[in-house]
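Here is how the chains run, residue by residue.
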Amino acid sequence: MSQFAFDEAKSLGFESLDALIASMQQMDDDLLANAGTRVVISRGNPKAKILLVGEAPGPQENIEGIPFIGRAGKMLEKVFEAVDLDSEKDIYITNSVFRMPPGEAGKNFRKPTRVEIEHYRPYVFEIMRLVNAPIILLTGNVACQAILGQTGITRLRGKWIETGKYSVMPLFHPSYLLRNPSKKPGAPKSLMWEDIREVRRRYDTLVSKSTL
Ligand code: URA
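Residues numbered from 1 in each chain as written. Predicted model: local features only at pLDDT ≥ 70, side-chain atom pairs only at ≥ 80, totals over all residues. Heavy atoms only, no water.

Trainee: Give me the lowdown on the overall build of the protein chain, citing residues and values where you can.
Mentor: Along its length, the protein chain carries eight helices and six strands. Here the C-alpha radius of gyration of the protein chain, 16 Å, is about what a compact globule of 212 residues would show, namely 17 Å. The C-alpha extent of the protein chain, read off along each of the three principal axes, is 45 × 40 × 35 Å. The proportion of buried residues among the 212 residues of the protein chain is 49%. Here the contacts in the protein chain between residues at least 6 apart in sequence split such that 73% fall between residues at least 24 apart. Roughly 10,400 Å² of accessible area belongs to the protein chain as shown, and the carbon and sulfur atoms make up 50% of that amount. (Helix = DSSP H or I, 4+ residues; strand = E, 2+ residues; numbered from the N terminus. Rg over C-alpha atoms; globule rule 2.2 N^0.38 Å. Buried < 20%, exposed > 50% of the residue type's maximum accessible area, 1.4 Å probe, protein only. Contact = heavy atoms within 4.5 Å. Areas by Shrake-Rupley, 256 points an atom, 1.4 Å probe, with all protein chains shown as cover.)

Here you go:
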C-alpha cells in the first residue's frame, strides 16, 4: 500500500449515506459475519464538519448497536466537551471495523486483525466520501492502519495530515486514556488536551470561513 490509503480509495458508488448504511446493515458475507456479533456503523450528525473514526465496537456497542456508547465513549464525550464540541451535533462517529471481533482466551472481544481492517476499509472510505467532513480524526492505531495504512500513534498524534480534500489528525484512543489516567505534563491525557485544542482551532477557522 502507498503511504496513504487515500490514494487507492475507490468509490463504492452509493448515492447517499442512508443507502450505504441500509446496505451495510444487511451485510452477511463480511469477514466477521459468522462471529455472532451485530453490525454497528455510526452515530452523530452526518452534516458535521468533523468525522471521527474509531476501532471496532466493544461489548456495550454490540448490545446497543451504537458506536462509542460504553466507557471509551464516555471518555470521548469528555474530550469533546472540554473544547465545547457536542458529539451528537458537531461530530459524526464511525469505526474502522463494523462488528465486534469475538474474544478468545477468556476475553469477550479482541483487537481486529490486519485482514479484518482491510476488509472493512472500502466501507470506511465510502462513509468518508458521503459525509464529506473536512476534518477527520483517527483514534488509535487501528484507525491509522485503516485510513493511513500505517501505525505509530505516539509519533503520528497531534499532527495534521493534509490530503487535499481532508485535514486528518490522529489522536490517542480514549481507551488508552482510560488505561493511563495520569494528568501529569507529557502523559497521554495532557497530550490529548493539547491535540483536541488544536482540532478546535482548525474547526473555528473552517466555521468562520464558511460563514463569511
Ligand atoms: N472503541 C471503539 O473504537 N469504537 C467503539 O465503537 C467503541 C469502543
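Continuing now.
Trainee: Give me the packing of aromatic side chains: which residues, what numbers.
Mentor: Where two aromatic rings form a pair, the distance of their centres and the angle of their planes describe that pair. Taken as a whole and judged by the stated rule, the model has two aromatic pairs. Here the aromatic rings of Phe172 and Tyr176 are separated by 5.0 Å at their centres, their planes lie at 45°, and the arrangement is tilted. For Tyr176, a relative accessible area of 29% corresponds to the partly exposed category. Here Arg202 stacks its cationic end above the ring of Trp160, 4.4 Å away from the centre of that ring. (Phe/Tyr/Trp six-rings, centres within 6.5 Å; stacked < 30°, edge-to-face > 60°. Lys NZ or Arg CZ within 6 Å of the ring centre and 35° of its normal.)

Trainee: Would you mind going over helix 3 (residues 71-81) in detail, with residue names and values included?
Mentor: Listed in full, the buried residues belonging to helix 3 are Ala72, Gly73, Met75, Leu76, Val79 and Phe80. Take helix 3 and look down its axis: the buried residues cluster within an arc of 160°, on one side only. For helix 3, the exposed residues set more than 90 degrees away from the buried face come down to Arg71, Lys74, Lys78 and Glu81. Structurally, helix 3 contributes buried residues whose contacts are with strand 2 (50-53), strand 3 (91-94), strand 4 (135-139), helix 7 (174-179) and helix 8 (188-210). (Arc of directions from axis to C-beta.)

Trainee: Give me the site of the ligand: which residues, what numbers.
Mentor: Around the ligand, a shell composed of Gly54, Glu55, Ala56, Pro57, Glu61, Pro67, Phe68, Asn95 and His173 is seen. A distance of 2.9 Å separates a nitrogen atom of the ligand from a polar side-chain atom of Asn95. Burial of the ligand by the surrounding chains reaches 93%, relative to a free accessible area of 230 Å². Its residues assigned to classes, the shell around the ligand shows four nonpolar, three polar and two charged. (Near = heavy atom within 4 Å. Polar contact = N/O pair within 3.5 Å; in protein donor to acceptor, adjacent residues only side chain to side chain. Nonpolar A, V, L, I, M, F, W, Y, C, P; charged D, E, K, R; others polar.)

Trainee: Account for helix 8, with residues named and values stated.
Mentor: The first and last C-alpha atoms of helix 8 sit 33 Å apart over 23 residues, in line with the 33 Å expected at 1.5 Å per residue. Of all the residues in helix 8, the buried ones are Pro188, Lys189, Ser190, Leu191, Met192, Asp195, Ile196, Val199 and Tyr203. If you follow the buried residues of helix 8, they end up packed against strand 2, helix 3, strand 4, strand 6 (167-171) and helix 7. (Expected span 1.5 Å × (residues − 1).)

Trainee: Outline the pairing of strand 6, supporting the account with residue identities and numerical values.
Mentor: Extensive coverage of strand 6 is indicated by the burial of five of its five residues. Across the two faces of strand 6 the burial is the same, with Ser167, Met169 and Leu171 and Val168 and Pro170 all buried. Bridge analysis of strand 4 against strand 6 gives five bridges, and the strand direction is parallel. Pairing of Thr139 across the sheet is with Leu171, part of strand 6. With two bridges joining them, strand 5 (residues 161-162) and strand 6 adopt antiparallel strand pairing. Counterpart to Glu162 in the pairing with strand 6 is Ser167. Taking the residues between adjacent antiparallel strands as the criterion, strand 5 and strand 6 are bridged by four residues, where Gly164 takes a positive phi near 100°. (Pairing = 2+ DSSP bridges.)

Trainee: Tell me what's going on with unusual backbone geometry, and back it up with residues and numbers.
Mentor: Backbone phi values are negative for most residues with the exception of glycine, while trans is the configuration of most peptide bonds. At Asp84, a residue that is not glycine, the phi angle is positive and equals roughly 60°. Relative to the assigned elements, Asp84 resides in the loop between helix 3 and strand 3. Judged by relative accessible area, which is 66%, Asp84 ranks as exposed.

Trainee: I'd love a proper account of the pattern of salt bridges, names of residues and values included.
Mentor: Applying the stated rule across the entire model yields 11 salt bridges. Between Asp30 and Arg99 there is a salt bridge, with the nearest N and O atoms lying 2.7 Å from each other. Of the two residues, Asp30 is situated in the loop between helix 1 (17-25) and strand 1 (42-44) and Arg99 in the loop between strand 3 and helix 4 (114-131); the sequence distance between them amounts to 69 residues. There is no split in this pair, since Asp30 and Arg99 are both buried. A salt bridge links Asp204 to Arg200, with the nearest nitrogen and oxygen atoms 2.9 Å apart. Remark: Arg200 and Asp204 occur in helix 8; sequence separation between them is four residues, near one turn of the helix. (Salt bridge = Lys/Arg side-chain N within 4 Å of Asp/Glu carboxyl O.)

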